[in-house]
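Each chain is listed here by its residues.
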Amino acid sequence: MTTPTAAKALDGIHHVTAIAKDPQVNVDFYTGVLGLRLVKRTVNQDDPGTYHLFYGDALGHPGTELTFFAWPRGRRGSAGAGQWVAVALAIPPTAVSYWLDRLRALGVDHHAPAQRLDEDVIALSDPEGMPVELVAGPDTGEREPWRPWALGPVPPQFQIRGVHAVTTMAASPDETAAFLADRMGFRLLKDDRRRLRFGTGPGQSGALLDVVLAPARSRGSVAVGSIHHVAWRTPDADTQQRWFAALNASGVPTSPVIDRFWFHSIYFNEPGGALFEIATDGPGFTVDEDAGALGSRLVLAPWLEPQRATIERALPAIHLPTERDTDTEGRPMG
């Protein structure tokens, strides 16, 4: 039998997609507070009357991307079994004090750093309740590819380096763990009895997946404030096709390859229910915009351009934060 482990190992996390309600609140937090760059202002290709916003480093490199579907009429989700429940973002080990000062000055509720798996974790939630973690560990300060956003509100030496890890909650962790190892080629790296940490590719920051046991309650509900899916990196269409064939051959129902214009995607669920995507690294976000203009205007995939007038009428206006109320070292003033 062909198995996914016969394909080239996944290179790490490509992006994490979550669900927001208010697109302006979302932009203000992820750009204005966390200092990520809005690298693509587009629409949900399956629901073109709503935004799909992409954040990342200066160029939106795979592995640095957080993306959001904005559903203004969406209901609030709830955490539980069968879903992704947290995203951890990598910060340099020397940036912990900076981020504590910044979050405090901006009035963002957060927890003091806690030790977990030899890492310092600052836990907080975005304005719509999605759990976000800022994590400093031995390898969180280095990331390739990564490019600092020179015009952002956070100085380059303190900027988020990309997605560090993702966490899924499982009612049957052993079943999820077996799927990750046998079908996806992940390796178990750490087990502290409360959390299983798996890695793919280099098994370092940006290529980590944690599994935690769901408490005895109903399954989670994926809606506003929830993570919709996690995408994993593969370098090109040929490797992605091998994954598609191997997953299907091993009995994992998998979507056809879907052209997202900036990358190509396949989707499937692990046995507990969490939604996976495998996405190609390219062609990337500069295929239709200059690097300096990323995120500054509404961009549509070519097949949606005939609908532009209708789409634009349906979307609320959003704007990027324009003021940098920081001192000379980037710390918020006031």
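Procedures and definitions
- Per chain, the residues get numbers from 1 upward, laid out in the order the sequence is written.
- Note on the predicted model: pLDDT of at least 70 is required for a residue's local features to be given, and 80 or more for side-chain atom pairs to be given and counted; whole-chain, interface and lining totals, by contrast, use all residues.
- For the side-chain quantities, the full set of heavy atoms in the structure was used; hydrogens and water were omitted.
- Working definition of a nonpolar core: buried Ala, Val, Leu, Ile, Met, Phe, Trp, Tyr and Cys residues. They are joined through side-chain atoms within 4.5 Å.
- Under the scheme applied here, a residue whose accessible area is under 20% of the maximum for its type counts as buried, over 50% as exposed, and between as partly exposed, the area being computed with a 1.4 Å probe on protein chains only.
- Helix and strand labels come from DSSP, where a helix needs a run of H or I of at least four residues and a strand needs a run of E of at least two; each type is numbered from the N terminus.
- Contact definition: two residues touch when any of their heavy atoms are within 4.5 Å.
- The pocket and cavity definitions rest on a 1 Å grid over protein atoms only: a 1.4 Å probe that fits but cannot leave marks a cavity, an open set with protein on both sides within 12 Å along at least five of seven lines marks a pocket, and residues lining either have an atom within 4 Å of a point.
- Grid points are joined across faces, edges and corners, and a volume is the space filled by probe spheres set on the points.
- All residues other than Ala, Val, Leu, Ile, Met, Phe, Trp, Tyr, Cys, Pro, Asp, Glu, Lys and Arg, Gly among them, are scored as polar; the first ten of these are nonpolar and the last four charged.
- Pairing of aromatic rings covers Phe, Tyr and the six-membered ring of Trp, with a centre-to-centre limit of 6.5 Å; geometry is then stacked below 30 degrees between planes, edge-to-face above 60, and tilted otherwise.
- For two strands to be treated as a pair, DSSP must find no fewer than two bridges joining them.

Chemist: What am I meant to see in the nonpolar core here?
Modeler: Looking at soluble globular proteins, one finds that nonpolar side chains tend to be buried together. Core analysis: the largest hydrophobic core is formed by 69 residues, its most contacted members being Y30, V87, W99, V166, M184 and W232. Considering each element in turn, this core owes the most residues, five residues, to helix α2 (residues 96-105). Apart from the residues lying within four places of it in its own chain, the contact partners of V87 are V16, L66, M130, P131, V132, E133, V163, A165, V166 and I227. In this structure, W262, F263, F285 and L294 belong to the second largest nonpolar core, which totals 10 residues.

Chemist: What should I look at first to understand empty space enclosed by the protein in this one?
Modeler: The method is simple in principle: a probe with the dimensions of a water molecule rolls over the atoms, and the space it marks as empty is what remains. Scanning all chains against the criterion turns up one cavity of 30 Å³ or more. What lines the largest cavity is G35, L36, R37, G56, D57, A58, W146, R147, W149, Q159 and I160. Of the residues that constitute the lining of the largest cavity, the class distribution is five nonpolar, three polar and three charged.

Chemist: I would appreciate a short explanation of the packing of aromatic side chains in the present structure.
Modeler: In total, this model carries 19 aromatic pairs according to the counting rule given. Plain terms: the ring middles of Y55 and F68 are 6.1 Å apart, the flat faces sit at 75° to each other, and that makes the pair edge-to-face. With Y55 in strand β3 (residues 47-56) and F68 in strand β4 (residues 65-70), the pair connects residues that are 13 residues apart, well separated along the chain. The two residues Y55 and F68 agree in class, both being buried. The interplanar angle of 10° and the centroid separation of 5.9 Å between the aromatic rings of F69 and W71 together place this pair among those described as stacked. Judged by relative accessible area, which is 27%, W71 ranks as partly exposed.

Chemist: Help me understand the sheet that holds strand β14 (residues 258-259) in this model?
Modeler: Sheets are built from strands that pair by backbone hydrogen bonding, the pairs being arranged parallel or antiparallel. Here we have eight strands laid out as an open sheet, ordered β2-β3-β4-β1-β13-β16-β15-β14, and mixed in their pairing. If you trace the sheet from one side to the other, it starts and ends with β2 (37-44) and β14, each paired once. As paired strands, β2 and β3 are joined by seven bridges and run antiparallel to one another. In the sheet register, R41 faces β3, and the bridge partner there is L53.

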